[in-house]
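Commentary on secondary and tertiary structure
Given next are the chains, with one letter for each unit.
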Amino acid sequence: MPFREKLPNQMFYLGLVTLEDVLGNNGLKSILNYSGFSHFIDNPPPNNLEKEHTSDDFIRMITGIVNVLGEKGARMILFQAGIRSFEIMLDKFPALFNIEGIEPKERNPERMFEEFKRIYQIIVDALVGMYGDIYKFYECDEGVALEIAPCLWCQGLKTEGPICMTPAGFEFAAAKWILGQEIKVEETHCIAKGDDMCRMVMHRPEV
Ligand SMILES: [Zn+2]
C-alpha cells in the first residue's frame, strides 16, 4: 500500500462537511449509508488531527459517491466538492494544507503564475505528508501539471472518462484564490479510464 495507512480525522471531517454543502443532508446520508459509513451520520469524525480512519476508508467513500451518482453526475459533483473543500479549508483550518498565514502577494499578472507555483508547491508538500509519496508537480508547456499515481481519488474505479474531479476542483479554487482569476484545469490522464497515472494540467492564464 503506497498510501499512508491512516489519514487525519480533519480530512474526513472536511469531506463530510463538503459533501453536505454540495449534496445536502439527505445526499450526504445516502452516500454514507451506501459506502458503509452510516455510523458517521450521528457520529462524524472530529475536526482534529488524530488518525483514526484509513486511506481505504477514504477510497471507499469516493467510490461510493461515483457509484451512487453515476459517472456523469459524480464528475460535476466531485468538481464542485473540490472547489468547496478548498474554500472551507482556507476559511476554517488552512493549517491542514500548510497555508495558514499565507497571503498571495501583489497581483502583478506577470509574476502571479510564479506565485501560484510557489504556493501550490506548499500544498503539494502537505498532500505528500498526508497521503504519501504519490505526487509529482512540475512545469509543462501549458502551465503546471500535477501527477498522482497511484491515486486515492479513483483507486479501484473503471470509468469512460477522467473522474478525479475533486483534485481538479481543488486546484481550480486554489488558483482562483492565488491569482484572483479563474484558470482552465483539465484532467488529461486518469488511471480509472486506463492511463498509468492521473494528471491534472493547470493552464497559465493569458496575460
Ligand atoms: Zn485518479
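From a predicted model like this one, the values you see are computed outputs, not experimental measurements.

Describing the pairing of strand β6 (residues 198-203)
The buried count for β6 comes to 5 of 6 residues, which makes it a mostly enclosed element. Sheet analysis places strand β4 (residues 143-148) next to β6, joined by 6 bridges and oriented antiparallel. Paired with L146 across the bridge in β6 is M200. Alignment of strand β5 (residues 185-189) against β6, held across 4 bridges, turns out to be antiparallel. If you follow H189 over to β6, its bridge partner there is R199.

A closer look at the nonpolar core
I65, C151, C154, I163, C164, A175 and C198 are the most contacted members of the largest nonpolar core, which has 63 residues in total. Listing elements by their share of this core, those giving two or more residues are α1 (9-34), α3 (55-92), α4 (109-131), β4, α5 (165-179) and β6.

With respect to the pairing of β4
Of the pairings in the sheet, the one linking strand β3 (residues 135-140) to β4 comprises 6 bridges and is antiparallel in character. Note that in β4 the partner of Y138 across the bridge is A145. Where β3 folds back on β4, the antiparallel hairpin that results is connected by 2 residues.

Focus on α5
Compared with an ideal rise of 1.5 Å per residue, which puts 15 residues at 21 Å, α5 spans 20 Å between its outermost C-alpha atoms and is within 8% of the ideal. Taking burial as the measure, the 15 residues of α5 include 13 buried ones, the bulk of the element. After α5 finishes, the residue G180 shows a positive phi value of roughly 75°.

A closer look at unusual backbone geometry
In this structure, the amide linkage connecting A149 to the following residue, P150, adopts the cis form with an omega of -10°. In this structure, P150 sits in the loop between β4 and α5. At N98, a residue that is not glycine, the phi angle is positive and equals roughly 60°. By C-beta crowding, N98 is classed as partly exposed, having 16 other C-beta atoms within 10 Å.

Parameters and conventions
- Every chain's residues receive numbers from 1 upward, in the order its sequence appears when written.
- At least 70 in pLDDT is required for a residue's local features to be given in this predicted model, at least 80 for side-chain atom pairs to be given and counted, and no such filter applies to totals for whole chains, interfaces and linings, which use all residues.
- In this scheme the burial state of a residue depends on its C-beta neighbours within 10 Å: 20 or more other such atoms mean buried, 12 or fewer mean exposed, and anything in between means partly exposed; the C-beta positions come from the backbone.
- Helix and strand assignments follow DSSP, with helices taken as H or I runs no shorter than four residues and strands as E runs no shorter than two, numbered in order from the N terminus.
- DSSP-based pairing: two strands are paired if at least 2 bridges between them are found.
- Joining buried Ala, Val, Leu, Ile, Met, Phe, Trp, Tyr and Cys residues through C-beta atoms within 7 Å gives a set, and that set is a nonpolar core.
- Between the first and last residue of a helix there are one fewer steps than residues, each counted as 1.5 Å, and that sum is the expected span.

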